Each structure stands twice: as C-alpha cells, then as structure tokens.
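# Structure at a glance
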Amino acid sequence: MKDEFLKDLIENGFDFLERAIQQFKTEPKYSVINFCAAIELLLKARLMHEHWSLVIATKNHPNIQDFKSGNFKSINFNDLIPRITSVSGEKISPEIASCFKELANHRNKMIHFFHEAHGGKGKEKLLEEIAVEQCSGWFFLRRLLENWSDIFGNYDERIQSINSSMKGHEIYLDTIFEQIKPEIEKDKAKGTIFVACKRCKRNASEEFKKTNNIFEYKCRVCLFLDELIKFSCLEESCNGEIKIEPGDPDVKVICSSCDSVMERQDIANLLETNASRYEDSVQTNCATCCSLGTVVENDGGYFICTECFYFTKNDIGYCEWCNENQIGGGDLEHSRWSGCEFCDGQVGHMKDD
Ligand SMILES: [Zn+2]
Ligand SMILES: [Zn+2]
Ligand SMILES: [Zn+2]
Ligand SMILES: [Zn+2]
C-alpha cells in the first residue's frame, strides 16, 4: 500500500516541479504556486517514507480508510520540516527551512495580490525575483533529495533533467550580476573581498571577516549566505590555507598544499583564544553534533565546536542541572527541570528514583 501511494506522491511532486519551470516566463503566477506545491509534495514523500500517518494534520487518531480515500486534512507546509526533524532525528539547516517558508509566503501573496506585484514592478523585475527564489529553492531541495537517496535514488535522471531546465533561470541571474557589477567593482577598489558564490557561481559573494578565523559570506546576486572557518596550515614549513565548511562532524581536515592531516586537538589549541576561562573548569559541549567539551572560544565572543565546526555567538547556554555549557541547543531557561542535550535534568533524576 505504502509503496504505491508514495510513488504517486513523488511522481506528482516532480510533475509540479517540471510544470513550474516551464511556466516560469509565460505564467509566473502559476509557476510560483506549482513550485511550492512541488516542494510540499516531495517533503511529504519524505514523511510518508517513515509512515503514512505522518502527512495527516489531524488531532484525532489518523484513519487508514480516510487516508486511502484522500479524505483528510494534510499537514501544514510550515510544519513539514519540523516534523521531518522530530521523527527522523535528521537536522535540516535553518536556511533551508527559512528559504521554503519565504517561498510559501510569496505564494500566498501571489494568490491574493498578484496584480499589485505585477503592475507595480513590471514583469522583468518580477521574473528576476522569482528566478532568484526558485534557484535558491531548487538548490536546497536538490540537496535534500540527493541526501534521501533511499527514497529518491530512482529519480536521479529526473533530478538531473530538472537541473538542466533551470538554466533558463540562469539568464536572470546574469542580468542581476550585470546590473550590480559596477557597484561590486567600486567596492572591490575600496577593499571589499568577493569570492565565487557556491550557489549561483557568480563572483559576487561578499566576505565579512568576523574574527581571524571566522568568515561569513553573502552573495549579492542570489543572496546565498555561507560560512567558513579559516586558518594557516599547522605545518611550520607550509603556507597553505585551511578552509572548513561548518556542519560535518566527520570532516577530515587536510591541507591542500602539503596534504597533512590536522589533528582536532591542534586545531582546538589554535582556535581557542580565551584559554583562561578553563580556570572555572566548566566545559562547553556541542548539541549540534553531540560532542562533549569540544567547544572553544574564539575572538569577539564566538564559540566554535572543533568537531563539527558549528560556530555561534548567541546560541550558547548554561545547563543549571549538569552545570555545563552547550552551544547549538537553543534556550536552556528551564534546564534545571528538563536538562540539556546531554542530561535529563531533574525530571530524569526523579524518574531514576
Ligand atoms: Zn549567489
Ligand atoms: Zn600545509
Ligand atoms: Zn559540534
Ligand atoms: Zn545538562
């Protein structure tokens, strides 16, 4: 049962996606609506792969007969990613969630106020906007589909063909790039550094140096945000520069100039710029990759996990139950009661008794 429903859902999702791309120039309004529908269906397929009842929004018990007859209210668009995370434990980056949310907002606006947008800005401007938005949406969706190869592995060809049909959108990215080129040249002359954008590949991603090791990027064409940790190779005789993308706890840090592997402890020693804080012997853990004591403090109040290289300035808290710090775990206001990523708080303690 599950397989045939799932297959239908996936086929449907790809249909909407292909339709959206075809309609992009001729019927932008329907392109936006169908693009969103496609994302919705493919995320639902991810949920249905776990269990059919997860795509149902009901507060009552999900009913298999209702499901089979299509007689049910399905889960809200904005609940899809949180539900995927909560049932599969898979962490989906907040950029992806916010990109999809923006697409949905735009869709709602299009449905209600299309004439306004269309008349006010002119069609070309509107197409530029939609092109950027769909390029972002597809960039993230494709990444998810490729990660979920056990569900979407059979659709590789279709994914590739959608990827090439997105080329029509590229022309609009070129237009934007041409428009802002004079401004980029001017800023370059003033010392601003631009690198190639990972998403749109244009040389328009502005570098923001946060500390000697932490760099953030924002593309002026497609608005893609990116981050890097950088430092010089730890081999004395080597002038290589190490660049690490945050997020992967299994990443092997290798210098591309001399091929040496950098040890985590050496990286930690280098990135730690406030070693004196250890005098109070409170360690900082990383909730993002579930590692204990791997977090160091870098300049400017930034904390970096030397396992997965997640970094943050604000997302740090102190657990009032186990008396340790953690980053990447959000609010710890009620930690005395409910604990942190690494302990069960008073609740867990009471259960044990
Ligand atoms: Zn870009
Ligand atoms: Zn090196
Ligand atoms: Zn980590
Ligand atoms: Zn704790």
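### Focus on the overall build of the protein chain
Helix and strand counts for the protein chain stand at 12 helices and 11 strands. Overall size of the protein chain, expressed as C-alpha extent along the three principal axes, is 65 × 65 × 40 Å. Within the protein chain, buried positions represent 43% of all 353 residues. Intrachain contacts of the protein chain at a sequence separation of at least 6 include 51% that bridge at least 24 residues. When the accessible area of the protein chain is evaluated, it comes to approximately 19100 Å², of which 47% is carbon and sulfur surface. For the protein chain, the separation between the mean place of its 42 positive charges and that of its 58 negative charges on side chains is 7 Å.

### Description of the coordination of the zinc ion (ligand 1)
Those donors, C197 (SG), C200 (SG), C219 (SG) and C222 (SG), are the protein atoms that reach the zinc ion (ligand 1), and they lie 2.3 Å from it. The coordination sphere of the zinc ion (ligand 1) comprises four donor atoms, whose angles at the metal cover 105 to 116°; the geometry is tetrahedral. Within one chain, the residues donating to the zinc ion (ligand 1) are spaced in sequence as C-x2-C-x18-C-x2-C. Residue C200 is found in the loop between β1 (194-195) and β2 (205-209), and its partner C219 is found in strand β3 (residues 214-219); the two are separated by 19 residues along the sequence.

### Focus on the coordination of the zinc ion (ligand 3)
Around the zinc ion (ligand 3), the protein contributes the donor atoms C286 (SG), C289 (SG), C305 (SG) and C308 (SG), which lie 2.3 Å from the metal centre. Geometry at the zinc ion (ligand 3) is tetrahedral, judged from its four donor atoms and the angles of 107 to 111° they form at the metal. Counting gaps between the donor residues of the zinc ion (ligand 3) yields the pattern C-x2-C-x15-C-x2-C. You can see C286 sitting in strand β6 (residues 284-286) and its partner C305 sitting in strand β8 (residues 303-305), a full 19 residues away along the chain. For C286, a relative accessible area of 0% puts it in the buried group.

### Focus on the environment of C258
By the element assignment, C258 lies in the loop between β5 (241-244) and α10 (264-271). Once the C-alpha coordinates of C258 and K25 are considered, the two residues, 233 residues apart in sequence, prove to be 49 Å apart. The contact partners of C258, leaving out residues within four places of it in the chain, are C233, E235 and C238.

### Regarding the sheet that holds β8
Pairing is antiparallel in the open sheet, where three strands are placed in the order β7-β8-β9. Whereas interior strands pair on both sides, the edge strands pair on one side only; in this sheet they are β7 (295-297) and β9 (311-312). Bridge count between β7 and β8: three bridges; the pairing is antiparallel. Within β8, the position partnered with E297 by the bridge is F303.

### Some points on the confidence of the model for the protein chain
Close reading of the predicted structure is inappropriate where its pLDDT is low. Taken as a whole, the protein chain shows an average pLDDT of 89; of its residues, 95% reach a score of 70 or greater. Considering each helix and strand of the protein chain separately, the mean pLDDT is smallest for helix α5 (residues 94-121), with a value of 77, and largest for β1, with 98.

### Describing the packing of aromatic side chains
Taken as a whole and judged by the stated rule, the model has 10 aromatic pairs. By the ring-pair criterion, three or more aromatic residues cluster together here, those being F5, W52, F67 and F72. Of note, R107 hangs over the ring of F77, and the distance from its end group to the ring centre comes to 5.6 Å. Over the face of the ring belonging to F139 we find R199, whose NZ or CZ atom lies 5.7 Å from the ring centre.

### What to know about unusual backbone geometry
At K201, a residue that is not glycine, the phi angle is positive and equals roughly 70°. Looking at where K201 falls in the secondary structure, it is placed in the loop between β1 and β2. For K201, a relative accessible area of 59% corresponds to the exposed category. Not every positive phi belongs to a glycine, and D259 is a case in point at roughly 65°. The topology assignment puts D259 in the loop between β5 and α10. A relative accessible area of 58% places D259 in the exposed class.

Reading the values: the criteria
- Residues numbered from 1 in each chain as written.
- Chains lettered and ligands numbered in written order.
- Predicted model: local features only at pLDDT ≥ 70, side-chain atom pairs only at ≥ 80, totals over all residues.
- Heavy atoms only, no water.
- Helix = DSSP H or I, 4+ residues; strand = E, 2+ residues; numbered from the N terminus.
- Buried < 20%, exposed > 50% of the residue type's maximum accessible area, 1.4 Å probe, protein only.
- Contact = heavy atoms within 4.5 Å.
- Areas by Shrake-Rupley, 256 points an atom, 1.4 Å probe, with all protein chains shown as cover.
- Lys, Arg positive; Asp, Glu negative; His and termini not counted.
- Charge placed at Lys NZ, Arg CZ, Asp CG, Glu CD.
- Donors = N, O, S within 2.8 Å, 3.2 Å for Na, K, Ca; no water.
- Tetrahedral: all angles 85-135°; square planar, octahedral: opposite > 155°, others 65-115°.
- Pairing = 2+ DSSP bridges.
- pLDDT = per-residue confidence, 0-100.
- Phe/Tyr/Trp six-rings, centres within 6.5 Å; stacked < 30°, edge-to-face > 60°.
- Lys NZ or Arg CZ within 6 Å of the ring centre and 35° of its normal.

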